[in-house]
Amino acid sequence: MLDKIDEAGSNKATFFELLGGVERVRALVERFYDIMDSDPKAATIRALHPQDLTGSREKLFMFLTGWTGGPQLYIERYGHPFLRRRHAPFAIGESERDQWMYCMVKAMQEIGIEEQVMVKLAEALYGVADFMRNQPA
Ligand code: HEM
């Protein structure tokens, strides 16, 4: 899978393919919010989210499907995500970023994503999470 040739002739499979498609992205996001909702280590970021996480689950699922290289579900429905701007109302510093990554990495481990894929995906998501920071520390 890692050396899969795509139509463009590149030898890079997308994260979407490496994960195994839409159902795996769904499973990852469901697990991510289950952890955020129950693990005290994520309490600060849980408190930033609405009580009912249904909308958050749906939006992150749609966003990550497109962001990993699958169908652009989020953009088709909502247009450009302007992610940094959308996160501006919430105080996000290093600890909030790290809590978000903690939930994501735990979710990846729990659903059994292959180690090699997990490391690369975590690295890429860390870049996005760090970009959301709007607090000095
Ligand atoms: C760095 C720590 C982060 C925190 C504390 C955080 C927190 C939040 C909060 C409070 C919301 C609004 C409630 C909601 O709609 O769920 C939100 C929305 C969202 N977040 Fe994050 N987020 C973080 C990082 C990320 C990252 C790394 C991504 C993408 C890889 C992401 C993707 C989204 C999306 C797609 C939405 C929905 C935007 C919309 O309203 O259409 N977030 N986030």
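See the structure shown above.
Since the model is a prediction, treat every value here as computed from it, not as a measurement.

J.: Explain a positive patch on the surface to me, please; I cannot follow it from the model alone.
T.: On the surface, a cluster of positive charge is contributed by K59, R77, R85 and R86. Within the fold, R86 resides in helix α6 (residues 83-87).

J.: I'm lost on helix α8 (residues 115-131) in this one. Help?
T.: For the α-helix, the turn length of 3.6 residues means that residues three or four positions removed from each other point alike. Here α8 is 17 residues long and its end C-alpha atoms lie 24 Å apart, about the 24 Å a rise of 1.5 Å per residue gives. Along α8, the residues that are buried comprise V117, M118, L121, A122, L125 and A129. Down the axis, α8 shows its buried residues gathered within 120° of arc, on one side only. When the buried face of α8 is taken as reference, the exposed residues oriented beyond 90 degrees from it are K120, E123 and F131. Check the buried side of α8 and you find it contacts α1 (15-19), α4 (54-67) and α7 (94-111).

J.: Would you explain the coordination of the iron atom of the ligand in this entry?
T.: Ideal coordination angles are 109.5 degrees for a metal with four donors arranged tetrahedrally and 90 or 180 degrees for a metal with six donors arranged octahedrally. A lone protein donor contacts the iron atom of the ligand, and this donor is H87 (NE2), found at 2.0 Å. You can see H87 is positioned in helix α6.

Rules used throughout
- Residues numbered from 1 in each chain as written.
- Predicted model: local features only at pLDDT ≥ 70, side-chain atom pairs only at ≥ 80, totals over all residues.
- Heavy atoms only, no water.
- Patch = residues over 30% accessible without salt bridge, like charges linked within 9 Å, V, L, I, M, F, W, Y side chains within 5 Å.
- Areas by Shrake-Rupley, 256 points an atom, 1.4 Å probe, with all protein chains shown as cover.
- Salt bridge = Lys/Arg side-chain N within 4 Å of Asp/Glu carboxyl O.
- Lys, Arg positive; Asp, Glu negative; His and termini not counted.
- Charge placed at Lys NZ, Arg CZ, Asp CG, Glu CD.
- Helix = DSSP H or I, 4+ residues; strand = E, 2+ residues; numbered from the N terminus.
- Expected span 1.5 Å × (residues − 1).
- Buried < 20%, exposed > 50% of the residue type's maximum accessible area, 1.4 Å probe, protein only.
- Arc of directions from axis to C-beta.
- Contact = heavy atoms within 4.5 Å.
- Donors = N, O, S within 2.8 Å, 3.2 Å for Na, K, Ca; no water.

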